[in-house]
Amino acid sequence: MNKHTKIFLISLYILYGWFLYYTYVLIDSFTFDTEIIFFIVILIILMNLSMFYNYKSKVQTAIFLPALIPAIVIFNPFWNIIIATLGSVKFMKFKEGKLIWYKFIFNRVMLGLSAGISAYIFNIFYVDYFNNNIILSILIASIVYFIINNLLLFIVINLSEEKQEISFMVYLTELSKNIFVSYFLGLLLYFSYTQFGKLFFLLVIILIYIVKDFFFSRIQLLNSFTQVIESFLKVIDSKDHYTEGHCERVAKYTNKLCDAANVNQRKKERIVNMAKIHDIGKIYVDDEILKSEDVLSDEEFKEMKKHSKYGYELLKDIDMLNDDLEIILHHHEFYNGNGYPKGIKEKEIPLGSRILNICDSFDVMTTGRSYKKALNKEETIREFERCSGKQFDPELADEIIKLIKNGELDESFKDKNI
Ligand SMILES: [Fe+2]
Ligand SMILES: [Fe+2]
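Residues numbered from 1 in each chain as written. Chains lettered and ligands numbered in written order. Predicted model: local features only at pLDDT ≥ 70, side-chain atom pairs only at ≥ 80, totals over all residues. Heavy atoms only, no water.

## Digging into the overall build of the chain
No. 1: What the chain contains, in helices and strands, is 19 helices and 2 strands.
No. 2: Counting every position in the chain, which comprises 418 residues, the buried fraction comes to 44%.
No. 3: Put simply, 69% of the contacts in the chain that link residues at least 6 apart link residues at least 24 apart.
No. 4: Accessible surface for the chain amounts to roughly 22,400 Å². Of this, 60% is attributable to carbon and sulfur atoms. (Helix = DSSP H or I, 4+ residues; strand = E, 2+ residues; numbered from the N terminus. Buried < 20%, exposed > 50% of the residue type's maximum accessible area, 1.4 Å probe, protein only. Contact = heavy atoms within 4.5 Å. Areas by Shrake-Rupley, 256 points an atom, 1.4 Å probe, with all protein chains shown as cover.)

## Considering the coordination of the iron ion (ligand 1)
No. 1: The coordination sphere of the iron ion (ligand 1) contains the protein donors D279 (OD), H307 (NE2), H331 (NE2) and H332 (NE2), at a distance range of 2.2 to 2.3 Å.
No. 2: Mapping the donors of the iron ion (ligand 1) onto the primary sequence gives the spacing D-x27-H-x23-H-H.
No. 3: A separation of 3.4 Å is found between the iron ion (ligand 1) and the iron ion (ligand 2), which share D279 as a coordinating residue. With D279 in the loop between helix 11 (265-276) and helix 12 (287-291) and H331 in the loop between helix 16 (325-329) and helix 17 (351-367), the pair connects residues that are 52 residues apart, well separated along the chain.
No. 4: Under the relative-accessibility criterion, H331 is labelled buried at 0%. (Donors = N, O, S within 2.8 Å, 3.2 Å for Na, K, Ca; no water.)

## A look at unusual backbone geometry
No. 1: Cis geometry marks the peptide bond from Y340 to P341; its omega dihedral reads 5 degrees.
No. 2: Notably, N262 is not glycine yet its phi reads approximately 55 degrees, a positive angle.
No. 3: Inspection of the secondary structure assignment puts N262 in the loop between helix 10 (246-260) and helix 11.
No. 4: Judged by its relative accessible area of 70%, N262 is exposed.
No. 5: A positive phi angle, close to 45 degrees, is found at E346, a residue other than glycine.
No. 6: For E346, a relative accessible area of 40% gives the class partly exposed.

## Examining helix 14 (residues 307-315)
No. 1: Within helix 14, burial applies to H307, S308, G311 and L315. Down the axis, helix 14 shows its buried residues gathered within 105 degrees of arc, on one side only. (Arc of directions from axis to C-beta.)

## Re the side chain of H332
No. 1: Mapped onto the fold, H332 is located in the loop between helix 16 and helix 17.
No. 2: If we skip the residues at most four places from it in the chain, H332 touches D279, H307, G339, Y340, N357 and D360.

## Let's talk about a nonpolar patch on the surface
No. 1: Judged by side-chain polarity, F196, L199, F200, L203, I206, L207, I210 and V211 come together as a nonpolar surface patch covering roughly 830 Å² of accessible area.
No. 2: When residues of the nonpolar patch are assigned to their parent elements, the largest contribution, 7 residues, is made by helix 9 (residues 198-239).
No. 3: Counting through the fold element by element, I206 comes out in helix 9. (Patch = residues over 30% accessible without salt bridge, like charges linked within 9 Å, V, L, I, M, F, W, Y side chains within 5 Å. Salt bridge = Lys/Arg side-chain N within 4 Å of Asp/Glu carboxyl O.)

## What about the environment of V228?
No. 1: Inspection of the secondary structure assignment puts V228 in helix 9.
No. 2: Counting along the chain gives 93 residues from V228 to L321, while the straight-line C-alpha distance between them is 9.9 Å.

## Side note on the packing of aromatic side chains
No. 1: With the rule as written, the count across this model stands at 26 aromatic pairs.
No. 2: Centroid distance F38 to F39: 5.6 Å. Interplanar angle 85 degrees. Geometry classified as edge-to-face.
No. 3: By relative accessible area, F38 is classed as buried at 16%.
No. 4: On the basis of relative accessibility, which here comes to 0%, the residue F39 falls in the buried class.
No. 5: Seen in terms of ring centroids, F362 and F384 are 6.5 Å apart; in terms of plane orientation they differ by 25 degrees. Their pairing is stacked. Of the two residues, F362 sits in helix 17 while F384 sits in helix 18 (residues 377-387), which places them 22 residues apart along the sequence. (Phe/Tyr/Trp six-rings, centres within 6.5 Å; stacked < 30°, edge-to-face > 60°.)

## As for the confidence of the model for the chain
No. 1: Here the chain averages 83 in pLDDT, and 87% of its residues register 70 or above.
No. 2: Note on residues 52-61: pLDDT under 50 across the span, and 30 contacts to partners over four residues away in sequence or across chains. (pLDDT = per-residue confidence, 0-100.)

## Section: the coordination of the iron ion (ligand 2)
No. 1: Protein ligation of the iron ion (ligand 2) involves H246 (NE2), H278 (NE2), D279 (OD) and D360 (OD), the donor distances falling in the range 2.1 to 2.3 Å.
No. 2: Each of the 4 donor atoms bound to the iron ion (ligand 2) contributes to angles spanning 74 to 166 degrees, and the resulting shape is irregular.
No. 3: Taking relative accessible area as the criterion, H246 reaches 4% and is therefore assigned buried. (Tetrahedral: all angles 85-135°; square planar, octahedral: opposite > 155°, others 65-115°.)

## Thoughts on the pattern of salt bridges
No. 1: Within the structure shown, the criterion is met by 16 salt bridges.
No. 2: A salt bridge links E313 to K316; the shortest N-O distance between them is 3.1 Å.
No. 3: Since its relative accessible area comes to 35%, E313 is described here as partly exposed.
No. 4: The closest approach of N and O atoms between D393 and K347, which form a salt bridge, is 3.8 Å. Of this pair, D393 sits in the loop between helix 18 and helix 19 (394-405) while K347 is found in the loop between helix 16 and helix 17, placing the two residues 46 residues apart along the sequence.
No. 5: For D393, a relative accessible area of 3% translates into the label buried.
No. 6: What you see here is one network of salt bridges that share partners, running through K347, R354, D393 and E395.

## Details of the packing of helix 6 (residues 101-129) against helix 7 (residues 134-159)
No. 1: At their nearest, the axes of helix 6 and helix 7 sit 8 Å apart, and the two run at 150 degrees to each other. Comparing their axes, helix 7 and helix 6 come out roughly antiparallel. The handedness of the crossing between helix 6 and helix 7 is right-handed. Facing F106, M110, L111, S114, A115, I117, S118, I121, F122, F125 and Y126 of helix 6, the residues of helix 7 in contact are I134, S137, I138, I140, A141, V144, Y145, I148, N149, L152, L153 and V156.
No. 2: The residue inventory of the contact of helix 6 with helix 7, partitioned by class, reads 19 nonpolar, 4 polar and no charged. (Axes fitted to C-alpha atoms, helices over the stretch in contact; angles between N-to-C directions. Parallel < 35°, antiparallel > 145°, perpendicular 65-115°, else oblique. Left-handed = near helix turned anticlockwise from the far one by under 90°. Nonpolar A, V, L, I, M, F, W, Y, C, P; charged D, E, K, R; others polar.)

Next comes the structure, spelled out in structure tokens:
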């Protein structure tokens, strides 16, 4: 632990001690309520079960806050500090021998302080500003809890130089989603507890767990999907150095063209994912052909043309991909039916393939090949106009021409003056 971290932690512990004392003094008559034990036990059980876990930002959204919200409303700040400090102990770490004492203390203090301060703020807003409006006051309490909790965590992670894998912005966006979810779950739990009693409160928590597992498995699936796509990308690049980065660039253009063509978000994501791996079939194409610097002979071209079919065949047994593989199979079909492998035309060609074909061609035009120099902006526009209705879907060709003219694809042109 470095010096700065030590100073920070010592100051934090002093603040905790002072705040605990301060809130204790505020209490008019000191009475211990057995409900406090109930909350501590519930929180310990929840803490030692699984959590909401976000793979992207690694922000952990515990069910801890939602379950703490009834306590924030019912008890004074002092008892909230005690409940959060004791209720957040994770016994798994003791058992596994993974306990690092300073992290253990920091976590208790962080959660205790977050709970205590948010209960304190809750009382002020409930009485002074929101005219006893419980819903708004809980919102403020949740936001305060999140800000303190995450700020302390962020400071300590940065001071201790533990590597931050995510950008602050991604962290903030994920965090705001977590505040939103926690707030509504908190409201739900608060009303369950106060209106229907402990048993109902417990039933709602169990229900949340069932729903959570459903979401969690979906998140895991999406996570492995992204990993699969990324590994394929590496395979393609390692095989075909000349076009290195081609699939990634095509995916970027696909994203823009989908937006321009008003493709909905869900469909767009699927098309972009297919764009990232559209040339995967090239791993079966002979190296000599792939690396050839000359115009391909008829025979070689015939072999090269098989890559869209090869890609389709390679991936068709993967359940989570197979709905979208048609996009890969048909990415070299022409609007007028002169493409391959099937020679289908117009709207028979899946939308994703028509978009992909345009973006693929755009990348080839702007990067050039050893036998063909890269086109400039004017030449690219002319090429799209010339092939519109022949190779390209005319409506989509219009859209890419607009994007080029508006300068949204300027960075792709090698000759920046034009
Ligand atoms: Fe291709
Ligand atoms: Fe391609």
